[in-house]
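Below are the chains, spelled out letter by letter.
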Amino acid sequence: MDSRKPEKKRKFVKRKQDSISIPALKEGVLNGNRSSLAKAITLIESNAPHHYEWGQELLGELMPHTGNSLRIGITGVPGAGKSTFIEAFGEMLCNQGHSVAVLAIDPSSSLSGGSILGDKTRMEQLSKNPKAFVRPSPTAGTLGGVHRKTNETLLLCEAAGYDIMIIETVGVGQSEVMVRQMVDFFLLLAITGAGDELQGMKKGIMELADAMVVNKADGKNKQLAEKTRRELNQILHFLVPATKGWNSRAYTCSALEKSGLKELWDVINEFDKTTKETGSFQERRMRQKKEWFYTMLKDRILSDFFLDEKIKPAVPRMEEKIKSGDLTTSKAIEELLQLYKKS
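Please read all numbers here as calculations on a predicted model, not as lab measurements. (Residues numbered from 1 in each chain as written. Predicted model: local features only at pLDDT ≥ 70, side-chain atom pairs only at ≥ 80, totals over all residues. Heavy atoms only, no water.)

**Student:** Is there a simple way to explain the nonpolar core in this structure?
**Tutor:** The nonpolar side chains of a soluble globular protein tend to be buried with one another. By size, the foremost hydrophobic cluster in this structure holds 36 residues, and its most contacted members are Ile72, Phe85, Phe89, Ile166, Leu187 and Trp265. Those elements that provide at least two residues to this core are strand S1 (70–76), helix H4 (82–95), strand S2 (100–106), strand S3 (132–138), strand S4 (164–168), strand S5 (185–190), strand S6 (211–214) and helix H12 (261–278). Here this core gets seven residues from one element, more than from any other, and that element is H4. Setting aside residues up to four positions removed in sequence, tryptophan 265 forms contacts with Leu70, Ile72, Phe89, Met92, Leu93, Gln96, His98 and Ile164. One finds Ile41, Val179, Met182 and Val183 within the second-largest nonpolar core, a separate group that totals 30 residues. (Core = buried A, V, L, I, M, F, W, Y, C linked by side-chain atoms within 4.5 Å. Buried < 20%, exposed > 50% of the residue type's maximum accessible area, 1.4 Å probe, protein only. Helix = DSSP H or I, 4+ residues; strand = E, 2+ residues; numbered from the N terminus. Contact = heavy atoms within 4.5 Å.)

Given below as structure tokens:
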């Protein structure tokens, strides 16, 4: 006879939701603690509903400590050396005593939605600098590459004391427009061979730029870079200025040789001084807040709509009816909206 006692059934206890101390996280961010800042950004980037609530609570606490940085957007044609330029430029600013945060908008995997993280590996030296913070941000498959999370990450970095914010775009067209709506100064990187390059550079993107820089102006390429700079200045002369009271100009630099970077920083400082004197700096910031309000409002309404318990099962049904020809697109939308209003 088997005297062994029957094994008790194991009870699986559901793990409690992770708990976060908002006051402790706030204190860590305000003290410039990199670990706390990274945790806060992860909270903002999370899609979990409870994380969203905590993230917004934290942002609310930190808002009075934001808005004190100079925000610089950087984009450029493929091969312009954006990451090399940002690393050299960021290192120079850190050596001058500034604290620099770089938000590098990374192309996301279309399958996983994860970030490739290429920029952090390319900016290896800057990432190691104690006065710099480099954060690759996944685009989550969106064409623009910039969304709510990037703007809120920017605010967190400002609260942590970073006085220079650099946002590098993925460079796919719409992202430039979105970044322009988030920054004070917008820089467009170019390379030599203006004839072919300018054919592919949209006039609209050039109109967004407060300055253009011909990178890789070194060695045998130096004379050609000067020629490209002159050609770009001729074009910029006929374009509507991106910022009221400021004339956009083209310059040359070499991120490899670190030449022309100090001169460019002088231009940005002159821009900062001029626009604050004329009031266009403050006017742009106010306009950006208004634009961000409507962007957030649309984002929230859209999110609530698709997360609605009655809408979630109804959308695939409508899709099938549209595909089979039983329902027109307009009628399907009308039915979904009526269903949403009732719920």
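**Student:** I'm lost on the packing of aromatic side chains in this one. Help?
**Tutor:** For any pair of aromatic rings, geometry is given as the distance between the ring centres together with the angle between the planes. The tally for this structure, following the rule as stated, stands at eight aromatic pairs. With 5.1 Å between their ring centres and 90° between their planes, phenylalanine 305 and phenylalanine 306 make a pair best called edge-to-face. Exposure remark for phenylalanine 305: the relative accessible area of 12% places this residue in the buried category. Phenylalanine 306 gets classed as partly exposed once you look at its relative accessible area, which sits at 45%. (Phe/Tyr/Trp six-rings, centres within 6.5 Å; stacked < 30°, edge-to-face > 60°.)

**Student:** Teacher, can you tell me more about H4 here?
**Tutor:** Side chains of residues three or four places apart in an α-helix project in the same direction, reflecting 3.6 residues per turn. Between its first and last C-alpha atoms H4 spans 20 Å; for 14 residues at 1.5 Å apiece the expected length is 20 Å, and the two agree. Burial runs high along H4: 12 of the 14 residues are buried. Of all the residues in H4, the buried ones are Lys82, Ser83, Phe85, Ile86, Glu87, Ala88, Phe89, Gly90, Glu91, Met92, Leu93 and Cys94. Immediately beyond the C-terminal end of H4, within one or two residues, lies glycine 97, with a positive phi of roughly 100°. (Expected span 1.5 Å × (residues − 1).)

**Student:** What exactly am I supposed to notice about the pattern of salt bridges here?
**Tutor:** Opposite charge on two side chains allows them to pair when their charged atoms are near. Enumeration according to the criterion identifies 15 salt bridges in this entry. Across the pair glutamate 61 and lysine 26 runs a salt bridge whose closest N-O atoms are separated by 3.2 Å. In this pair, glutamate 61 sits in helix H3 (residues 49–62) while lysine 26 sits in helix H1 (residues 22–30), placing the two residues 35 residues apart along the sequence. You can call glutamate 61 partly exposed: its relative accessible area is 37%. Relative accessible area serves as the criterion here: at 22%, lysine 26 is assigned to the partly exposed category. (Salt bridge = Lys/Arg side-chain N within 4 Å of Asp/Glu carboxyl O.)

**Student:** Help me out: how do you make sense of the side chain of serine 280 in this one?
**Tutor:** Looking at the secondary structure, you find serine 280 in helix H13 (residues 280–307). Looking at serine 280, the relative accessible area reads 8%, which means it is buried. In contact with serine 280, not counting residues within four places along its chain, are Thr243, Lys244 and Thr275.

**Student:** Sorry if this is basic, but what is going on with the layout of surface pockets here?
**Tutor:** Summary: where empty space remains is shown by rolling a probe the size of a single water molecule over the atoms. Roughly 560 Å³ of volume is contained in the second largest pocket. Residue lining of the second largest pocket: 17 residues in total, with Tyr52, Arg148, Asp299, Ser303 and Leu307 positioned closest to the centre. For the lining of the second largest pocket, the secondary structure elements donating two or more residues are H3, helix H7 (148–159) and H13. Ranked by residue count, the leading element in the lining of the second largest pocket is H13, at eight residues. Class assignment of the residues belonging to the lining of the second largest pocket gives a composition of seven nonpolar, four polar and six charged. Here the lining of the second largest pocket gathers at least three residues from each of two domains, domain 1 (15–65) and domain 2 (67–278). (1 Å grid on protein atoms, 1.4 Å probe; cavity = no way out; pocket = protein on both sides within 12 Å on 5 of 7 lines; lining within 4 Å. Points joined across faces, edges and corners; volume = space filled by probe spheres on them. Nonpolar A, V, L, I, M, F, W, Y, C, P; charged D, E, K, R; others polar. Domains from an automatic or database assignment.)

**Student:** I keep staring at a nonpolar patch on the surface and nothing clicks. Help me out?
**Tutor:** On the surface, Phe293, Tyr294, Leu297 and Ile301 cluster together to form a nonpolar patch covering roughly 400 Å² of accessible area. Structurally, isoleucine 301 can be placed in helix H13. (Patch = residues over 30% accessible without salt bridge, like charges linked within 9 Å, V, L, I, M, F, W, Y side chains within 5 Å. Areas by Shrake-Rupley, 256 points an atom, 1.4 Å probe, with all protein chains shown as cover.)

**Student:** What's the story with the packing of helix H2 (residues 34–45) against H7 in this structure? I'm lost.
**Tutor:** When two helices pack together, their arrangement is given by the angle between their axes and by how far apart the axes lie. Relative to each other, H2 and H7 sit at 155°, their axes nearing to 9 Å. As the angle between them shows, H2 and H7 are arranged roughly antiparallel. The handedness of the crossing between H2 and H7 comes out as right-handed. Across the interface between the two elements, Leu37, Ala40, Ile41, Ile44 and Glu45 of H2 pack against Arg148, Lys149, Glu152, Thr153, Leu156 and Cys157 of H7. Its residues assigned to classes, the contact of H2 with H7 shows six nonpolar, one polar and four charged. (Axes fitted to C-alpha atoms, helices over the stretch in contact; angles between N-to-C directions. Parallel < 35°, antiparallel > 145°, perpendicular 65-115°, else oblique. Left-handed = near helix turned anticlockwise from the far one by under 90°.)

**Student:** Hey, could you run me through the side chain of arginine 285 in this one?
**Tutor:** In this structure, arginine 285 sits in helix H13. Within the structure, the side chain of arginine 285 is placed 3.1 Å from the backbone oxygen of glycine 67, a separation counted as a polar contact. Apart from the residues within four sequence positions on either side, arginine 285 is in contact with Gly67, Ser69, Arg71 and Asp184. (Polar contact = N/O pair within 3.5 Å; in protein donor to acceptor, adjacent residues only side chain to side chain.)

**Student:** How should H3 be read in this particular structure?
**Tutor:** The terminal C-alpha atoms of H3 lie 20 Å apart, and with 14 residues this matches the ideal 20 Å at 1.5 Å per residue to within 8%. Those residues of H3 lying buried are His50, His51, Trp54, Gly55, Leu58, Leu59 and Leu62. Packing partners of the buried residues in H3 comprise H1, H2 and H7.

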